[in-house]
Amino acid sequence: TATFNPADPLDIDALLSEEEIAVRDTVRKFCADRVEPHIATWFEEGSLPAARELARELGRIGVLGMHLEGYGCAGMSAVSYGLACLELEACDSGLRSLVSVQGSLAMYAIWAYGSEEQKNHWLPRMAAGEAIGCFGLTEPDHGSDPGSMITTARRDGSDWILNGRKMWITNGSIADVAVVWARTEEGIRGFLVPAGTPGFSAPEIKHKLSLRASVTSELVLDDVRLPADAILPKAEGLRAPLSCLSEARYGIVWGAMGAARSAFEAALEYSKTRTQFGRPIAGFQLTQAKLADMALELHKGLLLALHLGRRKDAHGLHPAQVSFGKLNNVREALQICRTARTILGANGISLEYPVIRHMTNLESVLTYEGTSEIHALVLGRALTGIAAFQ
Ligand code: TGC
Ligand code: FAD
């Protein structure tokens, strides 16, 4: 007989394999044991202490570059990777960002576009969390339109000389290697810049009120001299960095629903125990309408994530399908968090509960990896055949 589980009203668990559930449970336990007890403090302090140790631990549970094959990576399915992102972001978007940037942006760029030497040198260490990567595409004056970037790489004999600035770069100050995209005479190319290279620095960006438990940095490149083999040989044109974004955006489709789930659970629990006018606030019709709407969007979002994951595993995804998921799930997750915040009343603004932390984090998630407006335009272009970016 059919039953109703408030935590899984659509029985989505029944659509997951044993292996997928095992991945989910492993990451959930890691988050509960290792990060949950500290995350509100890290957020409040605006720091990610012991990031390197955390990266090694994430490497040990196998989530760094987990959807990549070979070179020490776990070779798991897109759905398993998505479930890991869900659990990480149910803890904090900053934790998921660390893993996304490492696996989907930095490692993926090397895996897809690097030489055998680059892959052998970096990927096993990055999968183990022994080396951290970052991905520098955005510039101070070129965010949504990376095709207009002004960071340059010019040849000097067999060397390359890089000049420019990258902005808002996750993991920048803690990275051992930066994947930097630059304009050359032959178009946009990618370069591997090891930390410590003369002329290269990565000062941290302070005063963020969102994604506070995540390191965000500027990358400064002043006459950075790199050997010929620092270029990613197979990455030619804007298509290469955009393909990396597709990987990370896919993880966010799942991750955003993790933040939403955490906020929903907090609001549901609170509503059952908080009493006003002599009864639990969960007993008021207006509260129930909020909870019902939150549950609809949460579980529809999870179904969408799972559907895209199954399609990705079977056939791959069109970029507009990824935009569909990112636009919908981040927007709805943010709305779920905002509604959850109202249910908690004044407690909704306190770090004693996870809700406002997720809510402010999702403001970054709405903007990075393509703003909601850009994803609407990607979808608009795919629907109409007319590009409306310019
Ligand atoms: P456009 O002409 O559309 O495309 C240029 C070439 O790229 C191809 N392409 C893609 N390929 C793979 N995946 C995708 N998602 C792709 N999108 C486009 C396209 O087919 C074309 O190929 P070809 O061979 O014909 O040259 O380029 P455009 O200049 O018109 O730009 C389109 C637009 C606006 C969608 C793109 O620039 C864009 O996505 N802008 C948003 C920028 C963005 O998302 N930046 C994110 C930076 S990284 C980040 O935020 C990390 S936060 C991570 C964290 O902390 O978790
Ligand atoms: P802009 O592009 O200046 O956009 C400002 C506003 O204008 C937005 O609302 C936008 O949607 C709108 N807009 C722009 N163009 C159009 C248009 N054609 N039509 C309609 N509206 C438009 N980048 C990296 O490369 N690597 C990272 O690791 C990274 N990590 C990040 C971490 C954090 C915490 C944050 C906040 C950002 C990070 N980013 C990173 C940068 C992020 O990708 C950019 O912020 C994002 O792409 C938007 O660029 P922008 O901030 O310059 O905004």
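Residues numbered from 1 in each chain as written. Chains lettered and ligands numbered in written order. Predicted model: local features only at pLDDT ≥ 70, side-chain atom pairs only at ≥ 80, totals over all residues.

## Comments concerning the overall build of the chain
A tally of helices and strands in the chain yields 10 helices and nine strands. For 390 residues, the compact-globule estimate of 2.2 N^0.38 gives 21 Å, and the chain sits close to it at 21 Å. Dimensions along the principal axes, computed over C-alpha positions, put the chain at roughly 80 × 45 × 40 Å. Counting across all 390 residues of the chain, residues that qualify as buried make up 49%. When contacts within the chain are restricted to residue pairs at least 6 apart in sequence, long-range pairs at least 24 apart make up 76% of them. (Helix = DSSP H or I, 4+ residues; strand = E, 2+ residues; numbered from the N terminus. Rg over C-alpha atoms; globule rule 2.2 N^0.38 Å. Buried ≥ 20, exposed ≤ 12 C-beta atoms within 10 Å, placed from the backbone. Contact = placed C-beta atoms within 7 Å.)

## Quick notes on unusual backbone geometry
In terms of backbone geometry, most residues other than glycine have negative phi values and most peptide bonds are trans. Its identity as a non-glycine residue notwithstanding, Trp168 has a phi of 65 degrees, on the positive side. Phi at Asn171 is positive, roughly 70 degrees, even though this residue is not glycine. Following the sequence through the fold, Asn171 ends up in the loop between strand S3 (159–170) and strand S4 (177–184).

## With respect to the site of ligand 1
Taken together, 26 residues lie near ligand 1, and Ser97, Gly147, Thr170, Pro319 and Gly370 sit nearest. Among the elements that take part in the shell around ligand 1, helix H6 (residues 239–273) stands out by supplying six residues, more than any other. (Near = placed C-beta within 6 Å.)

## Structural notes on the nonpolar core
Considering soluble globular proteins, one finds that nonpolar side chains tend to be buried as a cluster. By size, the foremost hydrophobic cluster in this structure holds 118 residues, and its most contacted members are Ala106, Phe191, Cys337 and Ala340. Leaving out residues up to four positions away in the same chain, Ala106 has contacts with Val101, Met126, Gly133, Cys134, Phe135, Val177 and Val179. (Core = buried A, V, L, I, M, F, W, Y, C linked by C-beta atoms within 7 Å.)

## Quick word on the site of ligand 2
Taken together, 20 residues are adjacent to ligand 2, and Thr138, Gly143, Ser144, Thr371 and Glu373 come closest. Listed by contribution, the elements that provide at least two residues to the shell around ligand 2 are strand S1 (133–136), S3, helix H9 (355–367) and helix H10 (372–384). Residue composition of the shell around ligand 2, by class: 10 nonpolar, nine polar and one charged. (Nonpolar A, V, L, I, M, F, W, Y, C, P; charged D, E, K, R; others polar.)

## Notes on helix H5 (residues 116–127)
Counted at 1.5 Å a residue, the expected span for H5 with its 12 residues is 16 Å, and the 16 Å between its end C-alpha atoms agrees. Those residues of H5 lying buried are Gln118, Trp122, Leu123, Met126 and Ala127. End-on, the buried residues of H5 take up no more than an arc of 120 degrees, which puts them together on one face. Exposed and oriented more than 90 degrees from the buried face of H5 are Glu116 and Glu117. Elements in contact with the buried residues of H5: helix H2 (51–60), helix H4 (93–113), S1, S4 and strand S5 (187–194). (Expected span 1.5 Å × (residues − 1). Arc of directions from axis to C-beta.)

## Focus: the environment of Val63
Among the structural elements, Val63 can be located in the loop between H2 and helix H3 (78–91). On a C-alpha basis, the gap between Val63 and Ala195 in space is 23 Å, while along the polypeptide they are 132 residues apart.

## A closer look at the UniProt feature "domain: Acyl-CoA dehydrogenase/oxidase N-terminal" (unreviewed entry) in the chain
The UniProt record annotates "domain: Acyl-CoA dehydrogenase/oxidase N-terminal" (unreviewed entry) at residues 17–130. For the annotated span residues 17–130, helix accounts for 75% and strand for 0% of the residues, and the straight-line distance between the end C-alpha atoms is 31 Å. (UniProt positions renumbered as here; feature names shortened; annotations may be inferred.)

## A word on the pairing of S4
Taking burial as the measure, the eight residues of S4 include six buried ones, the bulk of the element. Where S1 and S4 come together, four bridges link them in parallel fashion. Bridging from a neighbouring strand, Cys134 pairs with Ala178 of S4. Note that S4 and S5 share eight bridges and pair antiparallel. From the neighbouring strand, Arg183 faces S5, where its bridge partner is Ile188. Connecting the antiparallel pair S4 and S5 is a turn made up of two residues. (Pairing = 2+ DSSP bridges.)

## Observations regarding the environment of His207
Examined against the element boundaries, His207 turns out to sit in the loop between strand S6 (200–201) and strand S7 (216–226). Assessed through the 6 C-beta atoms surrounding it within 10 Å, His207 is described here as exposed. In sequence terms His207 and Glu44 are 163 residues apart; their C-alpha atoms lie 11 Å from each other.

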